[in-house]
Amino acid sequence: LLTFEIICVKYHYVGDTGSKICTSRVQRNFKGPTGYMEAPLSYSTIEDLQLLSWDNAPKYCVQLSFPGGTILLQAANSYLRDQWFHSIQWKKKIYKYRKVLNNPSRWDVVLKEIRALVDMALTSPLQDESIHQAPLHIISTLLAENTNLSAQDHENIIVAIAPLLENNHPPPDLCEFFCKHCRERPRSMVVIEVFTPVVQRILKHNMDFGKCPRLRLFTQEYILALNELNAGMEVVKKFIHSMHGPTGQCPHPRVLPNLVAVCLAAIYSCYEEFINSRDNSPSLKEIRNGCQQQSERKPPMPLRLLRPEPPTPPPTTTLSPPPALPLSPPPSIVNSSEILVELERNNNTTNTLCKAPAEGDSEPNLIDCLLVSPALNALSIQLPAHADRVLGCFALILKMLSDYDDWRPALASLLQPIPFPKESLFFYFCNRELKYVIQRFAEDPRQEVHSCLLSVRSGKDGWFQLYSPGGVACDDDGELFASMVHILMGSCYKTKKFLLSLAENKLGPCMLLALRGNQTMVEILCLMLEYNIIENKDTQLQIISTLESTQVGLRMYEQLCDRQRELKELQRKGGPTRLTLPSKSTDADLARLLSSGSFGNLENLSLAFTNVTSACAEQLIKLPSLKQLNLWSTQFGDAGLRLLSEHLACLQVLNLCETPVTDAGLLSLSSIKSLCSLNMNSTKLTADTYEDLKVRGC
């Protein structure tokens, strides 16, 4: 609200101290007394408030009548005077409603006063945040102090304040009230008709859930309430689609980050409550509300591992007793002090029991125990019904988000740095839906998407590591891992660095999948040999043995050996140093020409105005001495540039004028350190890339 100036004739300053109007001084003039006000005047003592409109009245004045006197407020213009008038009028009424609603007697009267308060806020001509926030806080306080309302009173109050929520976030206490309604009456029409626009506004405009976590909690409860409807996840899916919008691009940049924050917080909160109830430790919610005394806490809830029961033997008609059958043990009860899980070691048929160490030692990693052996796949973790419903709902929402092409790059970058702990049961709970999301990242051809499969910081595994054979989330014998390697190799601008990383950290999984005939892994092992990534001779021989153990590996290894022999022969035979291919020549023409003679000494090659494409790069990489390459007005694109950047280390001059090269292709050339002249005119580079090249002095 505004601060006011109070005068008799001239201007004098007046402060607004919340519930009272006060003045510093009043100057003497011919129309009134002089001196200081002895005490501030309360808004509640104002008997009358009006604009002066009679003839010869002081201009732009507001008259306030108090017991024992009158004060005039004079503004510089009529607009400011009207602001003062409506501000004081609003302040006077808000104190009246606060006093009435602080002492409720009959709820029908209270509901009537709430409606009047909402109408006053909506009809006020003032444009100020507190005009709508103050009534919401008054109602929020009223609801916090009266928790034993009936369900009908709940709905009546929510419907009454709904117009105020169209352009305002609900305060924290009101969020608690809404959450309670979503939990107790999820099928109420209020959830659909009133809460939907409120949640939509939160997702579109909220900037930080950390400042008001109850907004996030309310959004979670609203989504769970939608899931309780007859159509279940179909209703949730329609809500997600409405947040994205019907077009290919979502117009609201905050929707996706907010939805991801809501989903991850719900999943982690569910896991935290499960672990805390098992370990008898206080949850974050209990810490916020004041932790229970130890004597009041519930006994620890065990983690129940269920094994399928053995089939019941058929009844026998003989009188002899049936042979003794090994009885299946009852479901194992696992808590924080003792873990009994069957493990399979070294492919032996004997099973051992893994028991947690004594107090003071670290507890075994439960999720690692569950994923040690395929024999344990039949195990399942028994969750409370509520926890299972929450995890299923929000994991499926993450799956829905990954289906939108425009959201996928941002979703990948949002999930990449999330520190999913290995010791948590997150992957066990959500692996099916999460695996679908990661698969969508791996299938996306955009580099900004599938590059997020890699770790974002050293020492912390990324999706690439977590889904590799032996990783905490791998349950498909490495199929997803192979898919990720394939897409990363197809667009990786630092191939040798990537191969070095694979050789250092994932050589075992790569060899295992190559033994099983995976073509991508066979190609990886061949590239490691071709680029001399592996220095250890024994490891090289092991890789060669792995390649020769399958038909596809043997064939590709033989091609590698033939290619290396051809390169050595070309370098030995020599040939011309300059060559120009005729106009309109094709990839096949170039391949035929290069196969007809020796070109080991070729340094300058012109393919300008021919019909060659990126496919001819397979022939160009056989020219180890090539220093100048002219591709003017050809269809040579990004894929060919990536291949050239990996093999033509001596290239110095490259002409790509009028080619379909994009920003991605330009990035791949950064690995050619000898390149000193580059023509990129009339290509598909973006304006930002050109500006960046100018800044770098290129």
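Residues numbered from 1 in each chain as written. Predicted model: local features only at pLDDT ≥ 70, side-chain atom pairs only at ≥ 80, totals over all residues. Heavy atoms only, no water.

Colleague: Give a description of the side chain of Asn206 that names residues and reports values.
Modeller: Residue placement: Asn206 occurs in the loop between α6 (189-205) and α7 (213-227). In this structure Asn206 comes out as buried when scored by relative accessible area, which is 5%. Aside from chain neighbours lying at most four places away, what touches Asn206 is His169, Arg201, Leu215, Arg254 and Asn258. (Helix = DSSP H or I, 4+ residues; strand = E, 2+ residues; numbered from the N terminus. Buried < 20%, exposed > 50% of the residue type's maximum accessible area, 1.4 Å probe, protein only. Contact = heavy atoms within 4.5 Å.)

Colleague: Lay out the pattern of salt bridges in plain terms, naming residues and giving numbers.
Modeller: Tallying each qualifying case throughout the model produces 14 salt bridges. One salt bridge in this structure joins Arg183 and Glu221, with 3.4 Å as the shortest N-O distance. You can see Arg183 sitting in helix α5 (residues 172-184) and its partner Glu221 sitting in helix α7, a full 38 residues away along the chain. You can call Arg183 partly exposed: its relative accessible area is 46%. For Arg389, the salt bridge identified is with Glu228, shortest N-O distance 2.9 Å. Note that Arg389 is positioned in helix α12 (residues 385-401) and Glu228 in the loop between α7 and α8 (233-244), a separation of 161 residues in sequence. Since its relative accessible area comes to 27%, Arg389 is described here as partly exposed. Three or more residues joined by partner-sharing salt bridges are found here, namely Asp405, Arg408, Asp444 and Arg446. (Salt bridge = Lys/Arg side-chain N within 4 Å of Asp/Glu carboxyl O.)

Colleague: An account of the sheet that holds strand β5 (residues 48-51) is needed here, citing residue identities and associated values.
Modeller: The strand order β5-β6-β7 describes an open sheet built from 3 strands, whose pairing is antiparallel. Whereas interior strands pair on both sides, the edge strands pair on one side only; in this sheet they are β5 and β7 (69-74). Here the average twist between neighbouring strands, direction ignored, is 20°. Sheet topology note: the β5/strand β6 (residues 61-66) ladder contains 4 bridges and is antiparallel. In the strand pairing of β6, Asp48 is matched with Ser65. Relative to β5, helix α1 (residues 78-102) is tilted by about 160°, and along the sheet it contacts β5, β6 and β7. (Pairing = 2+ DSSP bridges. Axes fitted to C-alpha atoms, helices over the stretch in contact; angles between N-to-C directions.)

Colleague: Explain the pairing of β6 to me, and be specific about the residues and the numbers.
Modeller: In terms of burial, β6 is largely enclosed, as 6 of its 6 residues are buried. Side chains Cys61, Gln63 and Ser65 project from β6 onto one buried face, and the interleaved Val62, Leu64 and Phe66 project onto a second face that is buried too. The pairing of β6 with β7 spans 6 bridges and is classified as antiparallel. Bridge pairing in β7 links Phe66 to Gly69.

Colleague: Run through the sheet that holds strand β15 (residues 628-630), naming residues and quoting values.
Modeller: Taken in spatial order, the 5 strands make up an open sheet running β13-β14-β15-β16-β17, and their pairing is parallel. Looking along the sheet, the strands with just one partner apiece sit at the ends: β13 (578-580) and β17 (677-679). Direction aside, the axes of adjacent strands within the sheet are offset by 5° on average. Pairing analysis gives 3 bridges linking β15 to strand β16 (residues 653-655), with the strands arranged parallel. Looking at β16, one finds that Asn630 is bridged to Asn655.

Colleague: Account for helix α3 (residues 129-145), naming residues and giving values.
Modeller: A rise of 1.5 Å per residue sets the reference length of α3, with its 17 residues, at 24 Å; its end C-alpha atoms lie 25 Å apart and thus fit the reference within 8%. Those residues of α3 that are buried lie in contact with α1, α2 (107-123), α4 (151-161) and α5. (Expected span 1.5 Å × (residues − 1).)

Colleague: Residue-level account of the packing of aromatic side chains, with values.
Modeller: The full count for this structure, using the stated rule, is 10 aromatic pairs. With centroids separated by 6.1 Å and ring planes inclined at 50°, the aromatic side chains of Phe177 and Phe178 adopt a geometry described as tilted. The class of Phe177 is buried, set by a relative accessible area of 8%. Through pairs of rings, three or more aromatic residues link up here, namely Phe177, Phe178, Phe195 and Phe218. Positioned above the aromatic ring of Tyr97 is the side chain of Lys96, whose terminal nitrogen or guanidinium carbon lies 4.8 Å from the ring centre. One residue, Arg98, lies across the ring of Tyr95, its end atom 5.5 Å from the ring centre. (Phe/Tyr/Trp six-rings, centres within 6.5 Å; stacked < 30°, edge-to-face > 60°. Lys NZ or Arg CZ within 6 Å of the ring centre and 35° of its normal.)

Colleague: Break down the packing of α4 against α6 for me, with residues and values.
Modeller: Taken N-terminus to C-terminus, the directions of α4 and α6 make an angle of 20°; their axes are 10 Å apart at the nearest point. Taken together, the axes of α4 and α6 lie roughly parallel to each other. In the packing of α4 onto α6, the handedness of the crossing is left-handed. The residues of α6 that touch α4, namely those facing Glu155, Ile158 and Val159, are Val190, Val194 and Phe195. Across the contact of α4 with α6, the residue classes break down as 5 nonpolar, no polar and 1 charged. (Parallel < 35°, antiparallel > 145°, perpendicular 65-115°, else oblique. Left-handed = near helix turned anticlockwise from the far one by under 90°. Nonpolar A, V, L, I, M, F, W, Y, C, P; charged D, E, K, R; others polar.)

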